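Structural overview for review
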Amino acid sequence: MVRTSQATTFSSSPYFFDRGAHGIAQPISERINERHPMKPHRLTLTNALVMGYGLDKQIHNIYDPRPATQAELEAYHDHDYIDFLSKVTPGNQAQMRAMIDTFNCVEDCPIFADMYDFCRMYAGGSLAGARKLCAGTTDIAINWSGGLHHAKRGEASGFCYVNDIVLAILELLRYHPRVLYIDIDIHHGDGVELAFYQSNRVMTVSFHKYTGDFFPGTGKLDDNGNGPGKHFCLNVPLQDGIGDDMYLSIFKTVIDDTVTAFRPSAIVLQCGADSLGCDRLGAFNLSIAAHGECVNFVRKYNVPLLVLGGGGYTIKNVSRCWTYETAVLVGATIPDELPATVYDSFFEDSHWKLHPPLTGKVDNQNSVASLQRITISIRNKLRYLQGAPSVAMQEIPPDLLGLMGDEERNAEERDEEFRGTGGAGENRVGTINSRNEFFDGDNDNDRDDDETPPTSTPRARGGARRGGRGRRGRGRGKGRGAAAATSTREGDEDAEEAVASSRRGRGRGRGRGRGRGKPANKEKDKENSNPAVESSAETPMDVDVDVWTFYFIWRSP
């Protein structure tokens, strides 16, 4: 079989643009001990496959997220720990041996060149995705470089230095009253669970292998949360060899019960690919299709969704898995034949297939009875939830103006002051018109029956900045439009105030698709609607998606 290759670079980042004399890529993984199982080079392979399949064309804009600032990292982590990460290098680690031991940067978490910049980049991607979800400018944000769920407040752990998941959830909590965290990595999400162990605004659900001595050794079924967070911590401990059918059965049952009881306003999904069969450190029998079905199941709840990477140590399978899940999230169907890339040699043993056989390699030690016991235990915990917790909604403080006052701002950060936190300081690289960016005048099915078109104010687009936002529609035809008007950048403020009192808002929905006001008369609406337009509006994947694959995002405007 003859395959042509493409000689392009898939990221503007210096980590992937750093080339030797003969043009050979030198990704950051080459700076870590080559025997270390964590290989960030898997992100390069993922980018290559995503571009090769043309999935970037299914999404609308490409961005370079800015690195997280020190103040943003210290929103959760201790100052001394972040200061240590910013100073330690391979050249001075001998002099900092005592601090290296204190902060657990040994063995699993070695010191390597530009380690602090690496942490700031992947954390910055997750933070920017969370900001966009809060601003309502996207429905799904993806950062495959994130999901490092073991890092603690004051130390590294399990290949994780900065816990970008906790930072992103803290950002989401500035706007969303309840956040559900779901973890399908084979290792227990101990760092995230610990951070919110006493919170009733974050429900953590982790599906992982638990034997007592398998890293990190936590995640028992009876771990339950503490204080206000009691019963808001759920663990699904599994044994070696679980296959597709068993895993999907318990996953869908537990997640459906949890969403019904907790009613999250945002979801964070950690997609560690070490739960796949044939993983270098894993012991499950999951196929790429089953792993992707978990992602698809969560997507269908139409709740603002942040999707992150995580573990995964057989890099050819990790890149295939995250490529397939990118396709799932954008609603694209891709063939089993992999596209030709410069990394063809990684996939030659499977004859360049997207779905190689990964199952049946480990004996299944799980029984139907054991999974039923886990399900019953979790349902009993959920019975203690007396309705979903609520919080008093207050004006959200500015994101960066105060936090970054003592730091030098770059051009992107200065631009953020004018465009709001929804812009997140990224540079737009490309633009493609969205399939749903069409307005058909008075006959448009997104228009409320009782809406009076304004005469002096331009029509506001969805995703207004938080400073002037009203509530947004809740999804495709099911939510109620907001009473407050969204503002335009050039609009007259007095006119906007007048419009706000006389019309219903048309901000972009916080769920899938564009928000619509609820019709006063459903039968009349059906008779007068344009069938062609109605069919287009109900397209299942008409959603806004931000895809963040290590230093760049895609999203619709």
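Residues numbered from 1 in each chain as written. Predicted model: local features only at pLDDT ≥ 70, side-chain atom pairs only at ≥ 80, totals over all residues. Heavy atoms only, no water.

Scanning the chain from terminus to terminus reveals 16 helices and 10 strands. Contacts spanning at least 24 positions in sequence make up 78% of the contacts within the chain whose residues lie at least 6 apart. Carbon and sulfur atoms form 48% of the exposed surface of the chain, whose accessible area is close to 23600 Å². (Helix = DSSP H or I, 4+ residues; strand = E, 2+ residues; numbered from the N terminus. Contact = heavy atoms within 4.5 Å. Areas by Shrake-Rupley, 256 points an atom, 1.4 Å probe, with all protein chains shown as cover.)

Turning next to the packing of aromatic side chains. If you walk through the whole model with that rule in mind, you get 15 aromatic pairs. Linked through ring pairs, Phe207, Tyr247, Phe251, Phe284, Phe297 and Tyr301 together constitute an aromatic cluster. (Phe/Tyr/Trp six-rings, centres within 6.5 Å; stacked < 30°, edge-to-face > 60°.)

A few words on the nonpolar core. Core analysis: the largest hydrophobic core is formed by 52 residues, its most contacted members being Ile182, Met203, Phe207, Tyr247 and Phe251. For this core, the element with the highest residue contribution is helix H9 (residues 244–262), accounting for nine residues. Apart from the residues lying within four places of it in its own chain, the contact partners of isoleucine 182 are Val205, Phe207, Phe251, Ile255, Ile267, Val268, Leu269, Gln270 and Val298. Counting 49 residues, the second largest nonpolar core, distinct from the first, contains Cys119, Cys134, Leu173 and Val179. (Core = buried A, V, L, I, M, F, W, Y, C linked by side-chain atoms within 4.5 Å. Buried < 20%, exposed > 50% of the residue type's maximum accessible area, 1.4 Å probe, protein only.)

Look at helix H2 (residues 41–53): 19 Å from first C-alpha to last across 13 residues, which is about the 18 Å you get at 1.5 Å a residue. Counting buried residues along H2, 11 of its 13 residues qualify, which places the element largely inside the surrounding structure. Among the residues of H2, those classed as buried are His41, Arg42, Leu43, Thr44, Leu45, Thr46, Asn47, Ala48, Leu49, Val50 and Tyr53. Immediately downstream of H2, the backbone of glycine 54 shows phi near 75°, a positive value. (Expected span 1.5 Å × (residues − 1).)

Further remarks concern the pattern of salt bridges. Across all of its chains, the model carries 12 salt bridges by this definition. A salt bridge links aspartate 83 to lysine 87; the shortest N-O distance between them is 3.1 Å. With aspartate 83 and lysine 87 both in helix H4 (residues 79–87), this residue pair falls four residues apart, about one helical turn. Given the relative accessible area of 48%, lysine 87 is considered partly exposed. The salt bridge partner of aspartate 257 is arginine 379, with a shortest N-O separation of 2.6 Å. Here aspartate 257, found in helix H9, pairs with arginine 379, found in helix H12 (residues 368–382); they are 122 residues apart in sequence, far enough to count as distant. Beyond isolated ion pairs, a larger network of salt bridges with shared partners links Arg66, Glu72 and Arg131. (Salt bridge = Lys/Arg side-chain N within 4 Å of Asp/Glu carboxyl O.)

With that settled, consider the confidence of the model for the chain. Across the chain, the average pLDDT comes to 75, with 62% of residues at 70 or higher. Low pLDDT, under 50, characterises residues 1–32; the predicted model gives this stretch 70 contacts beyond four residues in sequence or across chains. Here residues 431–440 is modelled with pLDDT under 50, and outside its nearest four sequence neighbours on either side it reaches 27 contacts, counting other chains as well. (pLDDT = per-residue confidence, 0-100.)

A separate point is the environment of phenylalanine 103. The residue phenylalanine 103 is located in the loop between helix H5 (97–102) and helix H6 (115–135) in this model. The class for phenylalanine 103 is buried, based on a relative accessible area of 11%. With 58 residues separating them along the chain, phenylalanine 103 and tyrosine 161 place their C-alpha atoms 9.6 Å apart.

Here glycine 309 is to be found in the loop between strand S7 (305–308) and helix H11 (315–330). Taking C-alpha positions, glycine 309 is 7.9 Å from tryptophan 322, a pair spaced 13 residues apart along the chain. With sequence-adjacent residues up to four places away left out, glycine 309 is seen in contact with Asn143, Trp144, Gly146, Gly147, Gln270, Cys271, Gly272 and Trp322.

The next subject is the pairing of strand S3 (residues 179–183). Of all five residues making up S3, five are buried, and the element is well covered by its neighbours. Alternating positions in S3 separate into two faces, Val179, Tyr181 and Asp183 on one and Leu180 and Ile182 on the other, with burial throughout. With five bridges connecting them, S3 and strand S4 (residues 202–209) associate as parallel partners. Residue pairing in the sheet places aspartate 183 in a bridge with serine 206 of S4. Assessed by its sense of winding, the connection that carries the chain from S3 through helix H8 (residues 190–195) to S4 is right-handed. (Pairing = 2+ DSSP bridges. Right-handed = clockwise from strand over helix to strand, strands pointing away.)

Moving on: the packing of helix H10 (residues 288–299) against H11. Where H10 contacts H11, the axes come no closer than 9 Å and their chain directions differ by 35°. Note on packing geometry: the crossing formed by H10 with H11 is right-handed. In this structure, H10 uses Ile288, Ala289, His291, Gly292, Val295, Asn296 and Arg299 to contact H11, whose residues at the interface are Asn317, Arg320, Cys321, Tyr324, Glu325, Val328 and Leu329. Among the residues making up the contact of H10 with H11, the classes are represented as seven nonpolar, four polar and three charged. (Axes fitted to C-alpha atoms, helices over the stretch in contact; angles between N-to-C directions. Left-handed = near helix turned anticlockwise from the far one by under 90°. Nonpolar A, V, L, I, M, F, W, Y, C, P; charged D, E, K, R; others polar.)

A few words on the side chain of serine 126. You can see serine 126 is positioned in helix H6. Once residues within four sequence positions are removed from consideration, serine 126 is found in contact with Asn143, Gly146, Asp164, Ala168, Leu306 and Leu308.

With respect to the secondary-structure elements, serine 206 resides in strand S4. Judged by relative accessible area, serine 206 falls into the buried class, the value being 4%. In terms of polar contacts, serine 206 uses its side chain to reach the side chain of histidine 208, at 2.9 Å. Here serine 206 is in contact with Asp183, His187, His188, Gly189, Leu234, Asn235 and Val236, once residues within four sequence places are set aside. (Polar contact = N/O pair within 3.5 Å; in protein donor to acceptor, adjacent residues only side chain to side chain.)

In helix packing, the relevant descriptors are the interaxial angle and the interaxial distance, both defined with respect to the helix axes. Contact geometry of H2 with H11 gives a least axis separation of 8 Å together with a crossing angle of 45°. Here H11 runs oblique to H2, going by the angle between their axes. Between H2 and H11 lies a crossing of right-handed hand. Along its contact with H2, which presents His41, Arg42, Leu43, Leu45, Thr46, Leu49, Val50 and Tyr53, the element H11 presents Ile315, Lys316, Val318, Ser319, Arg320, Trp322, Thr323 and Thr326. In terms of residue class, the contact of H2 with H11 is built from eight nonpolar, five polar and three charged. (Parallel < 35°, antiparallel > 145°, perpendicular 65-115°, else oblique.)

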